[in-house]
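# Summary of structural features
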Amino acid sequence: MTSALSNTSDTPLEIAIIGGGVWGQTLAELARDRGHNVRIWSRRGTLPLDRALAGAAITVSAVSMKGVKPVLERAIATGLAPETILVTVTKGLDPSDRITPSRLWQAAFPEHSVVVLAGPNLSKEINRGLPAATTVASTNPQAAQFVQQAFSSNRFRVYTNDDPLGVELGGTLKNVLAIAAGACDGLDLGTNAKAGLLTRGLAEIIRIGIHWGAKPETFYGLSGLGDLLATCNSTLSRNYQVGYQLAQGKPLDKILRDLEGTAEGVNTTQVLVPLANEHHIPIPICSQVDLLLQGKITARQAVGALMLRDVKPESGF
Ligand SMILES: NC(=O)C1=CN([C@@H]2O[C@H](COP(=O)(O)OP(=O)(O)OC[C@H]3O[C@@H](n4cnc5c(N)ncnc54)[C@H](OP(=O)(O)O)[C@@H]3O)[C@@H](O)[C@H]2O)C=CC1
Ligand SMILES: O=C(CO)COP(=O)(O)O
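No experiment lies behind these values; they were computed from the predicted model shown. (Residues numbered from 1 in each chain as written. Chains lettered and ligands numbered in written order. Predicted model: local features only at pLDDT ≥ 70, side-chain atom pairs only at ≥ 80, totals over all residues. Heavy atoms only, no water.)

### Quick look at the packing of helix α7 (residues 164-186) against helix α9 (residues 222-232)
- Taken N-terminus to C-terminus, the directions of α7 and α9 make an angle of 30 degrees; their axes are 8 Å apart at the nearest point. Relative to α9, the element α7 is oriented roughly parallel. As α7 runs across α9, the sense of the crossing is right-handed. Together, G166, V167, G170, G171, K174, N175, L177, A178, A181 and D185 of α7 and S223, G224, D227, L228, T231 and C232 of α9 make up the contact between the two elements. (Axes fitted to C-alpha atoms, helices over the stretch in contact; angles between N-to-C directions. Helix = DSSP H or I, 4+ residues; strand = E, 2+ residues; numbered from the N terminus. Parallel < 35°, antiparallel > 145°, perpendicular 65-115°, else oblique. Left-handed = near helix turned anticlockwise from the far one by under 90°. Contact = heavy atoms within 4.5 Å.)

Encoded structure:
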């Protein structure tokens with residue numbers, strides 16, 4: 001394994017961040033706070049990719065889902081530092097391969113360790129210096145521990161986990177429910193409705209996760225329940241904002257035009273729902289979000305459809 005793994009937590013590291021969006025910038029600030037040397041590559045910037053990637057102990061991909069394949073192709077052409085650990089923080093599903101970003105990175109760089117970083121991490125709160133916790137997950141425990149050491153600080157508490165798929169799916173799928181939660185609040189349906197929605201929504205996430213081979217218990221951790229609570233209860237969440245505005249009758253294209261940054265839940269829903277249908281995995285809440293995003297129903301009609309489904313036992317996924 002890499003010699004970089006022997007670094008102690010106090011040794012400054014070279015860290016490359018691909019993507020200069022709000023999350024990439026925030027992670028850069030957290031890393032600089034820990035004394036590391038950080039280089040951010042953005043397609044809009046002047047730093048060439050080869051200079052950003054050269055000699056990096058950690059390379060973080062912080063682009064939105066639509067940027068993953070383009071930057072991955074550039075990274076293949078440029079070549080990664082042989083010892084770098086790849087960290088992916090994108091919360092999305094690839095529309096054509098219908099897999100998570102870590103799988104795309106691992107397929108492109110089979111010799112490198114890939115770590116998924118996800119948790120309840122609204123960047124605007126972290127930028128204000130407020131404390132947050134997150135999870136780093138990998139099939140290589142040493143790589144996860146190395147990233148944990150590199151990013152842990154008094155404002156960012158980092159846990160390790162050995163279920164990267166579960167961690168990545170938790171962070172990705174909660175965005176669909178954040179749209180539903182925003183719609184719930186946009187209709188002013190109250191606390192009981194929101195609690196019911198999120199609890200049954202978590203059951204849908206776990207159902208999908210189990211089908212894909214993730215560990216069910218991962219979804220009760222920071223990247224699952226934790227991120228669900230943060231995103232579905234915060235007006236800072238872009239996905240929540242999409243749902244809230246849809247419930248108020250604003251058209252999706254106008255919402256997305258006016259939105260500051262990316263709402264990954266829109267693409268994730270479009271990829272997830274047909275996939276779940278093909279595999280006969282029932283995800284009624286996500287399916288209603290899909291119809292809402294397509295403009296086929298109103299938020300109020302979605303509520304009616306969910307409330308009047310056939311009654312069933314609560315237990316089991
Ligand atoms: N913001 C947050 O609080 C958190 C976000 N995330 C996840 O991190 C990811 C990034 O989020 P965030 O930074 O907020 O999003 P932003 O919309 O702020 O930034 C998106 C980033 O992706 C880049 N990008 C998009 N398309 C391409 C492309 N074709 N080629 C190269 N780069 C591209 C953008 O580059 P450019 O600047 O040049 O347009 C930009 O750097 C998302 O998957 C999000 O779900 C995870 C945790 C927290
Ligand atoms: O994933 C996030 C917080 O953990 C950010 O949520 P949004 O993308 O909905 O803003």
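### Looking at helix α10 (residues 238-247)
- Along α10, seven of the 10 residues are buried, which leaves the element largely enclosed by surrounding structure.
- For α10, the set of buried residues is N239, Y240, V242, G243, Q245, L246 and A247.
- The elements touched by buried residues of α10 are α7, α9, α11 (252-258), α12 (264-278), α13 (284-293) and α14 (299-307).
- Where α10 starts, the residue carrying a side-chain oxygen 3.3 Å from the main-chain nitrogen of N239 turns out to be S237.
- Positive phi appears at G249, one or two residues downstream of α10, with a value of about 90 degrees. (Buried < 20%, exposed > 50% of the residue type's maximum accessible area, 1.4 Å probe, protein only. Polar contact = N/O pair within 3.5 Å; in protein donor to acceptor, adjacent residues only side chain to side chain.)

### Digging into the UniProt feature "binding site: sn-glycerol 3-phosphate" (unreviewed entry) in the protein chain
- Residues annotated in UniProt with the feature "binding site: sn-glycerol 3-phosphate" (unreviewed entry) correspond here to K91, G119, K174, D227, S237, R238 and N239.
- Mapped onto the elements, K91 comes out in the loop between β4 (85-88) and α4 (101-108).
- Judged by its relative accessible area of 18%, K91 falls in the buried class.
- If sequence neighbours within four positions are ignored, K91 has contacts with A118, G119, G171, T172, K174, N175, D227, E264 and T268. (UniProt positions renumbered as here; feature names shortened; annotations may be inferred.)

### Looking at the sheet that holds strand β6 (residues 132-137)
- The seven strands lie next to each other as β2-β1-β3-β4-β5-β6-β7, forming an open sheet whose pairing is mixed. Strand pairing shows two members of the sheet lacking a second neighbour, β2 (37-41) and β7 (156-161), which therefore form its edges. Mean inter-strand twist for the sheet, computed between neighbouring axes without regard to direction, equals 25 degrees.
- This element, helix α1 (residues 22-33), spans β1 (14-18), β2, β3 (58-61), β5 (114-118) and β7 of the sheet and lies at about 170 degrees to β2.
- Relative to β7, helix α6 (residues 141-151) is tilted by about 175 degrees, and along the sheet it contacts β1, β3, β4, β5, β6 and β7. (Pairing = 2+ DSSP bridges.)

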